[in-house]
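Here is how the chains run, residue by residue.
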Amino acid sequence: MFKIDGHLEVYNHHLFVGGVDSLELIKEYGSPLFVINEQRIRDNYRRYQGAFPDADIYYAVKANSNFSILRILAREGAGADVFSEGELYLALLAGIRKDKILFNGNSKTDHELKYAVETGVKVSVDSVDELKTLAAFAKESGKTIPIAFRVNPDVSPKTHPKIATGLATSKFGIPLEKIIEAYDMAQKLDTIEPVGIHCHIGSQILETTPFVEMTNKMMDLVEQIDRLGIKFEFVDLGSGLGIPYKKDEPAPTPQDLADAILPVFNERANAMGLHPRIILEPGRYITADATVLLTTVNMVKEAHKNFVGVDAGFNLLVRPAMYDSYHHVLVANKADLNSERLYTIAGPVCESGDILASDRELPVVEKGDVVAVLDTGAYGFSMSSQYNGRPRAPEVLITQRKTCIVREHENIDDLLTKQRLPPHLL
Ligand SMILES: *Cc1c(COP(=O)(O)O)cnc(C)c1O
């Protein structure tokens with residue numbers, strides 16, 4: 001037996017997840033299948049919290065909003081970063097405390113803002129326009145709403161442009177030069193209580209320097225806003241810590257991140273005599289590597305490349321098509337055999353961009369083999385669709401070597417869910 005990736009094991013040629021044979025899982029639950037290892041989620045969360053013992057960890061629900069995962073994290077004591085009414089609803093229902101939830105969003109509906117007021121969660125306000133709307137709703141219900149502004153710190157991390165969120169040109173947040181004015185305005189509203197400041201510079205960032213730059217910029221603002229007489233309870237530094245999708249690439253750990261930013265934060269906070277709490281909002285780091293997507297080989301063909309056609313495509317994992325992301329793949333039933341050929345793993349969707357992995361060295365692949373796509377727990381299922389008339393795959397949770405279906409397979413009838421024929425077509 002040998003280990004890969006911290007928590008996956010290979011035994012008798014087979015890939016094991018959480019101590020369970022992936023081939024047995026496919027036999028029992030069918031293919032394709034998302035396999036989630038509960039212990040890995042808990043370990044990731046604890047590693048993050050351990051690196052930042054004095055910070056509040058708000059899990060970014062959008063990474064994976066599976067209800068069992070939210071419940072696991074609620075039991076671990078996590079808070080939640082939510083970006084829609086739906087995510088807020090799920091987080092509360094899962095048992096995440098409302099005082100540990102931040103409602104984020106660059107374009108919240110009136111309905112969402114009313115829901116935020118009703119539930120009493122903190123709101124990360126993205127514009128002055130939103131501030132005014134929120135203040136009016138708060139007034140109607142006689143409440144005072146704790147807010148932070150999301151600031152655009154103008155930091156450019158080296159990541160895919162679609163997931164860099166703190167560039168000066170990004171749609172998120174209030175520009176640096178307008179933020180003081182916004183706090184000044186908020187302070188004067190009697191239904192609004194500015195209690196913090198928030199930013200998030202992007203995702204899948206593999207170096208710590210952008211985080212240090214961001215922390216410094218945030219502390220500059222804390223200093224200026226303090227002069228307005230606003231005492232922050234928290235500074236939310238967002239998230240974005242990447243994971244090593246390419247198994248040979250170095251990736252900073254939460255401890256590396258803590259070692260880089262905590263000294264800066266603490267030194268500057270001490271100099272100001274202020275002690276706001278840090279909030280961090282990891283999504284990917286908590287859930288990505290805890291899930292493996294298993295997908296069965298339908299056919300192999302030698303064409304321009306050696307194509308392996310599998311039964312999962314960008315309907316289930318859009319990251320390669322959307323962000324050119326790399327996901328490590330292996331053949332789950334030949335996991336310890338030598339690589340012999342270059343293969344390109346293609347999904348079944350009717351689009352040439354539906355390629356899960358290009359030019360990978362693998363053992364000889366045949367029809368019926370099972371391909372394991374690693375690190376699919378973040379922005380995997382949560383970005384899935386029924387495109388091309390394909391019901392979504394089930395999710396199975398492994399807990400102490402026991403398995404439990406936590407999301408059923410959609411069936412063909414689900415393709416018709418919520419649809420109606422108009423009378424003239426009946
Ligand atoms: C997406 C998002 C996160 C999570 O980012 P990861 O890179 O998955 O850790 C955190 N905060 C905000 C505001 C986000 O939009």
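By the naming in an unreviewed UniProt entry, the protein is Diaminopimelate decarboxylase, taken from Candidatus Argoarchaeum ethanivorans. Under the UniProt heading Cofactor (unreviewed entry), the entry covering the protein gives this text: "pyridoxal 5'-phosphate". Annotation of the protein in UniProt includes, under Sequence similarities (unreviewed entry), the sentence "Belongs to the Orn/Lys/Arg decarboxylase class-II family. LysA subfamily."

1. A closer look at the overall build of the protein
The number of helices and strands found in the protein is 11 helices and 22 strands. Over its C-alpha trace the protein gives a radius of gyration of 23 Å, about what one expects of a compact globule, namely 22 Å for 426 residues. For the C-alpha atoms alone, the extent of the protein along its principal axes is close to 70 × 60 × 40 Å. Taken across its 426 residues, the protein has 55% of its residues classed as buried. Intrachain contacts of the protein at a sequence separation of at least 6 include 69% that bridge at least 24 residues. With 46 positive and 58 negative side-chain charges, the protein shows a separation of 2 Å between the mean positions of the two kinds.

2. Quick word on unusual backbone geometry
A cis amide bond links Ser31 to the next residue, Pro32, at an omega of -5°. With respect to the helices and strands, Pro32 occurs in the loop between helix 1 (22-29) and strand 5 (33-37). In this structure, Asn12 is a non-glycine residue whose phi angle is positive, near 55°. In this structure, Asn12 sits in the loop between strand 2 (8-11) and strand 3 (14-17). A positive phi angle, close to 60°, is found at Tyr379, a residue other than glycine.

3. Digging into helix 9 (residues 254-272)
The end-to-end C-alpha separation of helix 9 is 26 Å, in line with the 27 Å expected for 19 residues at 1.5 Å each. Where helix 9 bends most, at Ile261, the angle is about 35°, and the proline Pro263 comes one to four residues later. In this structure, the buried side of helix 9 is in contact with helix 2 (38-51), helix 8 (209-226), strand 13 (234-236), strand 14 (277-280) and helix 10 (284-287). Gly273 sits one or two positions beyond helix 9 and adopts a positive phi of about 70°.

4. Considerations on the UniProt feature "binding site: pyridoxal 5'-phosphate" (unreviewed entry) in the protein
In the numbering used here, UniProt assigns the "binding site: pyridoxal 5'-phosphate" (unreviewed entry) feature to Gly240, Glu281, Pro282, Gly283, Arg284 and Tyr379. When near neighbours in sequence (up to four residues on either side) are disregarded, Gly283 contacts Tyr59, Ala60, Ala63 and Ser239. When near neighbours in sequence (up to four residues on either side) are disregarded, Arg284 contacts Ala63, Ile163, Ser203, Gln204, Leu241, Ile243, Tyr245, Arg319, Ala378 and Tyr379.

5. What to know about the pairing of strand 10 (residues 145-152)
With eight of its eight residues buried, strand 10 lies for the most part within the structure. Side chains Ile145, Ile147, Phe149 and Val151 of strand 10 all project onto a buried face; the interleaved residues Pro146, Ala148, Arg150 and Asn152 project onto the opposite face, where all are buried too. For strand 9 (residues 122-125) and strand 10, the ladder comprises three bridges, and the chain directions are parallel. Counted as the bridge partner of Val125 is Phe149 from strand 10.

6. Some thoughts on the site of the ligand
Near the ligand lie 14 residues; those nearest to it are Lys62, Ser203, Ser239, Glu281 and Tyr379. One of the backbone nitrogen or oxygen atoms of Arg284 is found 2.8 Å away from an oxygen atom of the ligand. In the complex, 97% of the free accessible area of the ligand, which totals 390 Å², lies under the protein chains. Tallied by class, the residues present in the shell around the ligand amount to three nonpolar, six polar and five charged.

7. Looking at the pattern of salt bridges
Counting across every chain of the model gives 20 salt bridges. A salt bridge links Asp375 to Lys247; its shortest N-O distance comes to 2.7 Å. Pair noted here: Asp375 is in the loop between strand 20 (370-373) and strand 21 (395-399) and Lys247 is in the loop between strand 13 and helix 9, with a separation of 128 residues, a long-range link. What makes Lys247 partly exposed here is its relative accessible area of 33%. The partner of Asp359 in a salt bridge is Lys305, with the nearest N and O atoms 3.3 Å apart.

8. What about helix 1?
The complete set of buried residues in helix 1 reads Ser22, Leu23, Leu25, Ile26 and Tyr29. Buried positions in helix 1, seen along its axis, are confined to an arc of 155° and lie on one side of it. Exposed positions of helix 1 whose direction lies more than 90 degrees from the buried face are Lys27 and Glu28. Where helix 1 starts, the residue carrying a side-chain oxygen 2.8 Å from the main-chain nitrogen of Leu23 turns out to be Asp21. Where helix 1 ends, the next residue or the one after it, Gly30, has phi of about 85°, a positive value.

Each value, and the rule that gives it
- Residues numbered from 1 in each chain as written.
- Predicted model: local features only at pLDDT ≥ 70, side-chain atom pairs only at ≥ 80, totals over all residues.
- Heavy atoms only, no water.
- UniProt positions renumbered as here; feature names shortened; annotations may be inferred.
- Helix = DSSP H or I, 4+ residues; strand = E, 2+ residues; numbered from the N terminus.
- Rg over C-alpha atoms; globule rule 2.2 N^0.38 Å.
- Buried < 20%, exposed > 50% of the residue type's maximum accessible area, 1.4 Å probe, protein only.
- Contact = heavy atoms within 4.5 Å.
- Lys, Arg positive; Asp, Glu negative; His and termini not counted.
- Charge placed at Lys NZ, Arg CZ, Asp CG, Glu CD.
- Expected span 1.5 Å × (residues − 1).
- Bend = angle between axes of the 7 residues up to and from the residue.
- Pairing = 2+ DSSP bridges.
- Near = heavy atom within 4 Å.
- Polar contact = N/O pair within 3.5 Å; in protein donor to acceptor, adjacent residues only side chain to side chain.
- Areas by Shrake-Rupley, 256 points an atom, 1.4 Å probe, with all protein chains shown as cover.
- Nonpolar A, V, L, I, M, F, W, Y, C, P; charged D, E, K, R; others polar.
- Salt bridge = Lys/Arg side-chain N within 4 Å of Asp/Glu carboxyl O.
- Arc of directions from axis to C-beta.

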